[in-house]
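# Architecture at a glance
Now for the letters of each chain:
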Amino acid sequence: MNTAQLGEKASYDTYLAAELAVDPPQSSTKRTQALTSSFAHAALERQLGTLKADKGELERKLKEKTLKVESLEQDRRWLADRETQERNEKEQEAAKWEEEKVIHFVLDHFSPWFDPYWIIDICQTCSLIGLSFVESYTFIRFQP
């Protein structure tokens, strides 16, 4: 406290003492009201402190939950990308297997009559233009 505050407090205390001397019953009521007000003020200060602590705890929990959600979303995106990649790899393997199946089938059935390199070339061409096994077989079968 600085000297101005001390002077104000001293003058207020002097005022209260003078008031007590003049009217003791009224001063008792004022003291009771002042004490009640002081208790209420202290209770409100405690409540404010508790609410601030609760707010801080809730903000911390919210931040933790937000970080957890972000982590889960990142994992979900990674898994979705991985599934897409695996699906594409399976499709490529299936297409390659389809091409090899056509080549082997055609080589087994047509190699006595046609040049094997010509058959492989035709099979790869059919695969490139997107013909299925049956379409490729039909195409090769009716070649001159």
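Bear in mind the structure is a predicted one, so any value in this text is a computation, not a measurement.

Rules behind the numbers
- Residues numbered from 1 in each chain as written.
- Predicted model: local features only at pLDDT ≥ 70, side-chain atom pairs only at ≥ 80, totals over all residues.
- Heavy atoms only, no water.
- Helix = DSSP H or I, 4+ residues; strand = E, 2+ residues; numbered from the N terminus.
- Buried < 20%, exposed > 50% of the residue type's maximum accessible area, 1.4 Å probe, protein only.
- Contact = heavy atoms within 4.5 Å.
- Areas by Shrake-Rupley, 256 points an atom, 1.4 Å probe, with all protein chains shown as cover.
- Salt bridge = Lys/Arg side-chain N within 4 Å of Asp/Glu carboxyl O.
- pLDDT = per-residue confidence, 0-100.

### Here we look at the overall build of the protein
Along the protein, the regular secondary structure elements total 4 helices and 0 strands. Secondary structure elements in the protein, listed N-terminal to C-terminal, are α-α-α-α. Taken over 144 residues, the protein has a buried fraction of 9%. Contacts in the protein between residues far apart in sequence, at least 24 positions, make up 41% of those at least 6 positions apart. Only carbon and sulfur atoms are counted for the fraction: they give 59% of the accessible area of the protein, which is about 12,000 Å².

### Thoughts on the pattern of salt bridges
For the structure on display, the rule yields 4 salt bridges. Taking the shortest distance from any N to any O, the salt bridge between Glu59 and Lys55 comes out at 3.9 Å. With Glu59 and Lys55 both in helix H2 (residues 24-110), this residue pair falls 4 residues apart, about one helical turn. On the basis of relative accessibility, which here comes to 45%, the residue Glu59 falls in the partly exposed class. Of the charged contacts, one joins Glu64 and Arg60 as a salt bridge, the two residues approaching to 2.4 Å between their closest N and O atoms. Placement of both Glu64 and Arg60 in helix H2 is noted, with a separation of 4 residues, approximately one turn of the helix. Three or more residues joined by partner-sharing salt bridges are found here, namely Glu57, Arg60 and Glu64.

### Notes on the confidence of the model for the protein
Caution applies to low-pLDDT parts of the model: their predicted coordinates are not meant to be read in detail. In this model, the protein carries an average pLDDT of 77, and 55% of its residues clear a pLDDT of 70 or more. For the protein, helix H1 (residues 3-22) is the element with the lowest average pLDDT, namely 57, and H2 is the one with the highest, namely 87. Here residues 3-7 scores under 50 on pLDDT; set against residues more than four positions off or in separate chains, the count is 1 contact.

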